[in-house]
Amino acid sequence: MKVFLSHSSSFDYVSELYEPLKGSLAIDHDIFFPHDSDKDGINTKDIIPVCDLMLAEVSHPSTGQGIEIGWASANNIPIICIYRSGTKPSSAIRFISDRVIEYSSSEDMIKKLRTEIANQAVL
């Protein structure tokens, strides 16, 4: 499955998001990590429509991420939103996805995402 990862750049996304995903889910799925150093200058508007799924880490508000989520929604790309316990994601995400997952740790995030992605593959 081709997955577009969307997130704010205002937190340590490399250790909190990229490393856990690369060590687990990226083994079985083609995940686009937008802030990897080799992705500079790539227009994500062109990438999103060819993906099977968007994974949006929504713990931290981000205008750019909101735009990407809008592109995914406009292209009928399913969106899974995840957020860390103790944060308050925007209430607007309920309008773009009914798949909103709270996680408490990297391990919890991976476990819950495996289930959600497997469910998405069945749909």
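Here's what I pulled together on the structure shown here. Because the structure is a prediction, the values reported are computed rather than measured.

**Some details on the pattern of salt bridges**
As a working rule, side chains carrying opposite charge can pair if their charged atoms are close by.
Thinking step 1. The full count for this structure, using the stated rule, is four salt bridges.
Thinking step 2. The residue lysine 22 makes a salt bridge to aspartate 36 at a minimum N-O spacing of 3.0 Å. Here the residue lysine 22 occupies a position in helix 1 (residues 13-22), and aspartate 36 occupies one in the loop between strand 2 (30-32) and helix 3 (44-47), the gap between them amounting to 14 residues.
Thinking step 3. Overall, the relative accessible area of 17% leaves aspartate 36 in the buried class.
Thinking step 4. Between arginine 114 and aspartate 28 there is a salt bridge; the shortest N-O distance is 3.8 Å. In this pair, arginine 114 sits in helix 5 (residues 106-122) while aspartate 28 sits in helix 2 (residues 25-28), placing the two residues 86 residues apart along the sequence.
Thinking step 5. Of the residues examined, aspartate 28 reaches a relative accessible area of 52% and is grouped as exposed.

**Some remarks on the environment of isoleucine 31**
Thinking step 1. Relative to the elements of secondary structure, isoleucine 31 occurs in strand 2.
Thinking step 2. When its relative accessible area of 12% is taken as the criterion, isoleucine 31 is described as buried.
Thinking step 3. Sequence separation of isoleucine 31 and valine 3 is 28 residues, and the distance between their C-alpha atoms is 4.6 Å.
Thinking step 4. Those residues in contact with isoleucine 31, other than ones at most four positions away along the chain, are Val3, Leu5, Leu25 and Ala26.

**Some thoughts on the sheet that holds strand 4 (residues 79-84)**
Thinking step 1. Spatial ordering of the open sheet is given by 2-1-3-4-5, a layout of five strands whose pairing is parallel. Edge positions in the sheet fall to strand 2 and strand 5 (100-103), since each has one partner strand and no second. Neighbour-to-neighbour, the strand axes of the sheet open up by a mean angle of 25 degrees, direction not taken into account.
Thinking step 2. Direction of pairing for strand 1 (residues 2-7) relative to strand 2: parallel, over a ladder of three bridges. By the bridge assignment, phenylalanine 4 is partnered in strand 2 with phenylalanine 32.
Thinking step 3. Lying over the sheet, helix 1 contacts strand 1, strand 3 (53-57) and strand 4, oriented at roughly 170 degrees with respect to strand 1.
Thinking step 4. Contacts between helix 4 (residues 63-74) and the sheet are confined to strand 1, strand 3 and strand 4, with strand 3 contributing the most and set at about 155 degrees to the helix.

Conventions used here
- Residues numbered from 1 in each chain as written.
- Predicted model: local features only at pLDDT ≥ 70, side-chain atom pairs only at ≥ 80, totals over all residues.
- Heavy atoms only, no water.
- Salt bridge = Lys/Arg side-chain N within 4 Å of Asp/Glu carboxyl O.
- Helix = DSSP H or I, 4+ residues; strand = E, 2+ residues; numbered from the N terminus.
- Buried < 20%, exposed > 50% of the residue type's maximum accessible area, 1.4 Å probe, protein only.
- Contact = heavy atoms within 4.5 Å.
- Pairing = 2+ DSSP bridges.
- Axes fitted to C-alpha atoms, helices over the stretch in contact; angles between N-to-C directions.

Purely geometric stuff here, so don't read any function into it on its own.
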